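As a plain string of letters, each chain reads:
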Amino acid sequence: MRFAVLSIAAVLALSPVSAAAQWVENGVQLTTTGVSDWAPKTVSDGAGGAIVAWYDDNYDILVQRIDPYGRALWTPGGVPVCTASNGRWEARIASDGAGGAIVAWKDYRSGNFDIYAQRVNASGTPQWTADGVAICTHSATQRFHSVAPDGAGGAIVAWQDNRNGDYDVYAQRVNANGVPQWTANGVPVCVAAWDQFEIQMLPRNAGGVFVTWSDMRGGYPDIYYNVLDAGGSTAFGPSANALATTASSEGYARMAPDGLGGAIVAWSDGSTGSENILAQRINGDGAMLWAMGGITVCADPGEQRGARIVSDGAYGAIISWTDSRRGYGAYDIYAQRVNSSGAPLWTTDGVAVVVRDSGIDISDVVSDGRGGAILAWYDERYGEADIFCQRIDSYGGTYWIWGGAPVCVMDNAQYASSLVGDGDAGAIVAWYDYRNGMYADIYAQRIERNGYWGYPSPTIADIRDVPGDQGGLVDIAWDASRLDDWYGQLIAFYTVWRAIDHETALALASGVPDGAAALAFAARGALFIDDPSKFDPASKAPVIRVERTGASTFYWKLVSTVYAYYLDAYSETVATLFDSTAVSDEHHYFQVIAHCTYQGQFWTSPPDSGCSVDNLAPVPPAGLAGAQEYSPAGLALAWSPNTEADLGGYAVYRGSSADFVPSEANRVASPPDTLWFDGDWRWDSGYYYKLAAVDIHGNESGFALLAPEAITDAETPRSPEAAYLRQNFPNPFNPTTRIAYGLASPSNVSLRIYDASGRLVRALVDEQRAAGNYSELWDGRDSRGAAVASGIYFYRLTAGSFTQTRKMALLR
């Protein structure tokens, strides 16, 4: 359990940020520099959030990580990646595969334009040389670069380079430690005549990358490509291979993986007199799989431009573009899906995503992870450029409101939106924004799977111990989802969940395969689900929820269901599995989920933690007494048992005066029951004893005091003149008592315990013994070791001709 809750804290990065969610309408501001910030680029952090990179008017490169709830996790205003002398521009970013990112930029510190890169880990700490490692510092100009992960924690960077006179394409690989792996200053990807530009890259499954660009060697921009392996070798040599060449312009090529190790490329083509959208598929070695020159995605006589492409998850792709088929100045956004054979699957020439009589230009597109896509664009429907998004499904239908879900509609303009999927059929969008006047700032917003801005989850405000109780309970207070209002009434109920570990989850449902999904079955009465929309509030069965975050799996047990009443806040008292103590202050983690009145819509709060505490100490023990013993010599302490259900035992302290202060230094025993023997006691020691009851959580009662004058049987030890049997001590007792007796001469001794019916319970002594004083301890158990019931018992001593019987009482 302790490992599980600590893992939640680490993976979800709870500690560096406030528990409160931060998404606000029209976006969260990421920059605080007081200068303009430009051209954000995003990549997934692998945990539902995003890492954003940009450059500012101080010519610095900065990055920030934002989690699924809108909380900036790194240094306010962004982590400086490079602040070297002179300027730097064009931040590009790729995932490092471990929750961090690799950022590459154009750098002027040498007086020439070079390419540098830096890696930041999941905590925002730069990992390589301060201000970045050099990717290329050739005396020529390097610019307009692209970066892609290498699949091993490093990255491959490609750029435009004029070391040969014209602008060519070069590339370099840098490993996870920041060490360049290929030829110094890069390997040639294409060094054909004239210029190559608009470089794009896509990782290959086998390592290396696919690279495409626009190429002027034929007099018009054509689409060329090459394939680089992990060692920097090219499939088609330094002249590369033509993807599309006509006596007209082709450009703006973009790629998406085909799911089989290859790529699908889309571009704009002007061979018909107006720009149309074409596509081609290549396999992992770069061989073209569709018709020479590509398949036609859209051939409408209007102008189509700015192709964007994502995988459809079924070996095909979804391609979107800006479209003027309604006439000059009326740009709309259309999309088409093609299958693995290149056949269009939707309406001929595409389906309309948004149709507006205003300025529109597509910015970015990302897969929704469910066979569809999410598109972002800037839109001038309100007079200035705003940011909108739309989600389309695998059939070409739109999920969200017609015209698109508004991401930001603030005054002044917003531009250059960059998208990354949130892992839950939504997206996080970043852009630069002029709402504050003369300076542009970087903002971000999440559009979740249902088209709502931000993420309208409840937020746990506090988890408190219930005061004045014996522990085991906390009170959870949460702020309602913003959809839980009197007018909307979209929230039906909330569920409260407590984290449990993997072993506990499997114990509740024995036989459930590890990592099982879609789990609608009962075992040992527990129902497993991996989708909160499947939860039925009327069900009485225990429910375990399986949650996967990145590469980690967590288990949550349902502890309460609370129906919505359109309030601002709610609270609920729930049980914990253990209490926090002074020795172990570990916490429980909880989540609250808001469930919509519409099936399938729910929003999960950020996890938060709290603990229960046992606030009540036991009462001081009663009946503390001490009696001298002779064999062995010492003092027997006894007292009446405490009755608290959470009693852990007792603590005995010994001092030299009545006002001594109990402490660990003078603690002499921690007996679990009501009897303790002090073999160090003598009459001349003058010891005082203090006794406390201690519960299982370490709470200690007040003290009972035993002074020397209260000790009984103050006589000099010697062989008795006659045999005797004393009353047991203590009496009544629970669970142990001591029986003292004496022998005047050697005898065969029998000391036996009988119940009230005369049945033998246990023989404590049955042997020959010398003359002297003795005592025996009975632990309230019979001859088989079983605890006997409360009641009256008799003990009988037989020693030679001496026989005596006494009565005692066991009170459990």
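Residues numbered from 1 in each chain as written. Predicted model: local features only at pLDDT ≥ 70, side-chain atom pairs only at ≥ 80, totals over all residues. Heavy atoms only, no water.

**Here's the deal with the overall build of the protein**
We apply this condition: Here a strand is any run of E in DSSP of at least two residues, a helix any run of H or I of at least four, and the numbering for each starts at the N terminus. Radius of gyration: C-alpha atoms only; globule rule: 2.2 Å multiplied by the number of residues to the exponent 0.38. A simple rule labels every residue: compare its accessible area, found with a 1.4 Å probe on the protein chains alone, to the largest value its type can have, and call it buried under 20%, exposed over 50%, or partly exposed in between. Should any heavy atoms of two residues lie within 4.5 Å, those residues are counted as being in contact. Computed with a 1.4 Å probe, the accessible areas rest on the Shrake-Rupley method; for each residue, only the protein chains presented here act as cover.
From N to C terminus, the protein includes two helices and 57 strands. Over its C-alpha atoms the protein spans a radius of gyration of 39 Å, topping by over 25% the 28 Å that the globule rule assigns to 812 residues. Once the C-alpha set of the protein is aligned to its principal axes, its extents read approximately 130 × 60 × 50 Å. Within the span of the protein, comprising 812 residues, buried residues form 54% of the whole. Counted over contacts in the protein with a minimum sequence separation of 6, partners at least 24 positions apart contribute 52%. With an accessible surface of roughly 32,400 Å², the protein has 50% of that area assigned to carbon and sulfur atoms.

**Remarks on the pairing of strand β7 (residues 101–107)**
Consecutive side chains of a regular strand alternate in pointing toward one face of the sheet and then the other. The cut-off we apply is this: Note: two strands are recorded as paired if DSSP finds a minimum of 2 bridges between them.
In terms of burial, β7 is a largely internal element, seven of the seven residues being buried. What you see with β7 is no split at all: A101, V103, W105 and D107 on one side and I102, A104 and K106 on the other are buried throughout. When β7 meets strand β8 (residues 114–120), the two strands line up antiparallel, connected through seven bridges. Across the sheet, K106 pairs through a bridge with I115, a residue of β8.

**A few points about unusual backbone geometry**
For residues that are not glycine, phi is negative in most cases, and the peptide bond is trans in most cases. Of note, the bond from F729 into P730 is cis; its omega dihedral lies within 30 degrees of zero at -5°. With respect to the helices and strands, P730 occurs in the loop between β51 (724–725) and β52 (737–743). The omega torsion of the bond from N731 to P732 falls at 0°, within 30 degrees of zero and hence cis. If you trace the backbone, P732 turns up in the loop between β51 and β52. For D131, which is not glycine, the phi dihedral falls at a positive 70°. Structurally, the position occupied by D131 is in the loop between β8 and β9 (133–136). For D131, a relative accessible area of 24% puts it in the partly exposed group.

**Some words on the sheet that holds β51**
What the three strands build is an open sheet, ordered β51-β52-β55; its pairing is antiparallel. Looking at strand neighbours, the two that pair on one side only are β51 and β55 (772–778), the edges of this open sheet. Sheet topology note: the β51/β52 ladder contains two bridges and is antiparallel. Counterpart to Y724 in the pairing with β52 is G742.

**With respect to the sheet that holds strand β29 (residues 405–408)**
Here is the rule we go by: Under this scheme, a helix contributes an axis fitted over its contacting stretch, all axes are lines through C-alpha atoms, and angles between N-to-C directions fall in the 0 to 180 degree range.
Spatially, β26-β27-β28-β29 is the arrangement adopted by the four strands of the open sheet, whose pairing is antiparallel. Two strands lie at the open edges of the sheet, namely β26 (360–367) and β29, each paired on one side alone. With strand direction ignored, the average angle separating the axes of adjacent strands in the sheet is 30°. In the sheet, strand β28 (residues 386–392) pairs with β29 via three bridges, with the strands oriented antiparallel. Looking at β29, one finds that F388 is bridged to P406.

**Quick word on the packing of aromatic side chains**
Condition: Any Phe, Tyr or Trp ring, taking Trp's six-membered ring, that has another such ring centre within 6.5 Å forms a pair; planes under 30 degrees apart are called stacked, those over 60 apart edge-to-face, and the others tilted. By the criterion adopted, a ring carries a charge over it if an Arg CZ or a Lys NZ lies within 6 Å of its centre and within 35 degrees of its normal.
Scanning the model with the defined rule gives 28 aromatic pairs in all. Relative to F535, the ring of F493 lies with its centre 6.1 Å away and its plane at 55°, an arrangement referred to as tilted. Linking F493 in strand β35 (residues 491–500) with F535 in the loop between β37 (526–529) and β38 (543–549), this pair joins segments that are 42 residues apart in sequence. There is no split in this pair, since F493 and F535 are both buried. For the pair W639 and Y650, a centre-to-centre distance of 5.3 Å together with 65° between the ring planes defines the contact as edge-to-face. Separated by 11 residues along the polypeptide, W639 in the loop between β45 (633–638) and β46 (647–655) and Y650 in strand β46 bring together distant segments of the chain. An aromatic cluster is present here, built from W38, Y378, Y415, Y432 and Y434 joined pairwise through their rings. Over the aromatic face of Y754 sits the side chain of R796, whose NZ or CZ is 5.5 Å from the ring centroid.

**A look at a nonpolar patch on the surface**
How we decide: Without a salt bridge and with relative accessible area above 30%, a residue can belong to a patch; like charges are then joined within 9 Å and nonpolar side chains (Val, Leu, Ile, Met, Phe, Trp, Tyr) within 5 Å. Note on definitions: salt bridges are taken to be side-chain nitrogens of Lys or Arg within 4 Å of carboxyl oxygens of Asp or Glu.
Taken together, Y563, Y565 and L567 make up a surface patch of nonpolar side chains, about 340 Å² in accessible area. Tracing the backbone through its elements, the reader meets Y565 in the loop between β39 (552–563) and β40 (569–575). For Y565, a relative accessible area of 57% puts it in the exposed group.

**With respect to the pattern of salt bridges**
Counting across every chain of the model gives 33 salt bridges. Its salt-bridge partner being R305, residue E303 comes within 4.0 Å of it at the nearest N-O pair. The partly exposed category is assigned to R305, whose relative accessible area is 25%. One connected set of salt bridges, linked through shared partners, spans D60, R88, D107 and R109.

**A short note on the confidence of the model for the protein**
What counts, and what does not: Confidence of the predictor at the level of single residues is captured by pLDDT, which takes values from 0 to 100.
Summarising the model, the protein shows a mean pLDDT of 91, and 94% of its residues fall at 70 or more. When the criterion is pLDDT under 50, residues 1–7 qualifies, and its contacts beyond four places in sequence or with other chains add up to 13 contacts.

**Quick notes on the side chain of R738**
Condition: This count recognises Lys and Arg as positive and Asp and Glu as negative, with His and chain-terminal groups excluded. Polar contact is defined as a pair of N or O atoms within 3.5 Å, subject to the rule that within protein one atom must be able to donate a hydrogen and the other to accept it, and that residues adjacent in sequence are counted only when both atoms are side-chain atoms.
Considering the arrangement of structural elements, one finds R738 in strand β52. Buried and unpaired, R738 has no salt bridge, with E629 as the nearest side chain of opposite charge at 4.2 Å. Within polar-contact distance, the side chain of R738 engages the side chain of S775 at 3.2 Å. Residues within four places of R738 in sequence aside, it is in contact with E629, A636, L675, F677, N728, F729, S775, E776 and L777.

**Details of the environment of S214**
With respect to the helices, strands and loops of the structure, S214 is situated in strand β15 (residues 209–215). Taking relative accessible area as the criterion, S214 reaches 1% and is therefore assigned buried. The spatial distance from the C-alpha of S214 to the C-alpha of A253 is 7.5 Å, given a sequence separation of 39 residues. Setting aside its immediate chain neighbours within four residues, S214 contacts D195, Q196, F197, E198, D222, I223, E250, G251 and Y252. A polar contact of 2.6 Å, which involves the side chain of S214, links it to the side chain of E198.

**Some points on the side chain of D422**
Here D422 shows up in the loop between β30 (414–421) and β31 (427–433). On the accessibility criterion, D422 (5% relative accessible area) is buried. Polar side-chain contacts of D422 include one of 2.7 Å to the backbone nitrogen of D424. At 2.8 Å, the side chain of D422 forms a polar contact with the backbone nitrogen of G426. Contact partners of D422, with chain neighbours within four places excluded, come to G48, A427, R446, I447 and E448.

**Things to note about the nonpolar core**
Threshold: The term nonpolar core refers to a set of buried residues drawn from Ala, Val, Leu, Ile, Met, Phe, Trp, Tyr and Cys, joined through side-chain atoms within 4.5 Å.
One finds L30, V63, V103, I476, W478 and Y494 to be the most contacted residues of the largest nonpolar core, which totals 57 residues. Among the elements that take part in this core, strand β3 (residues 50–56) stands out by supplying six residues, more than any other. With near-sequence residues (within four places) excluded, V103 lies in contact with A53, I61, V63, A91, R92, I93, Y116, A117 and Q118. In terms of nonpolar packing, the next biggest core, distinct from the first, is built from 20 residues, L764, V765, A799 and M808 among them.

**A few points about the state of the cysteines**
Going by this rule: In what follows, a disulfide is any cysteine sulfur pair within 2.5 Å.
Under the counting rule described, the total for this entry stands at zero disulfides. We note that C190 lacks a disulfide partner, and the nearest cysteine sulfur, in C136, lies 16 Å from it.

**What about the environment of S539?**
Looking at where S539 falls in the secondary structure, it is placed in the loop between β37 and β38. What makes S539 partly exposed here is its relative accessible area of 29%. For the pair S539 and I463, spaced 76 residues apart in sequence, the C-alpha to C-alpha distance is 26 Å. Here A541 takes part through its backbone nitrogen, which lies 3.3 Å from a polar atom of the side chain of S539.

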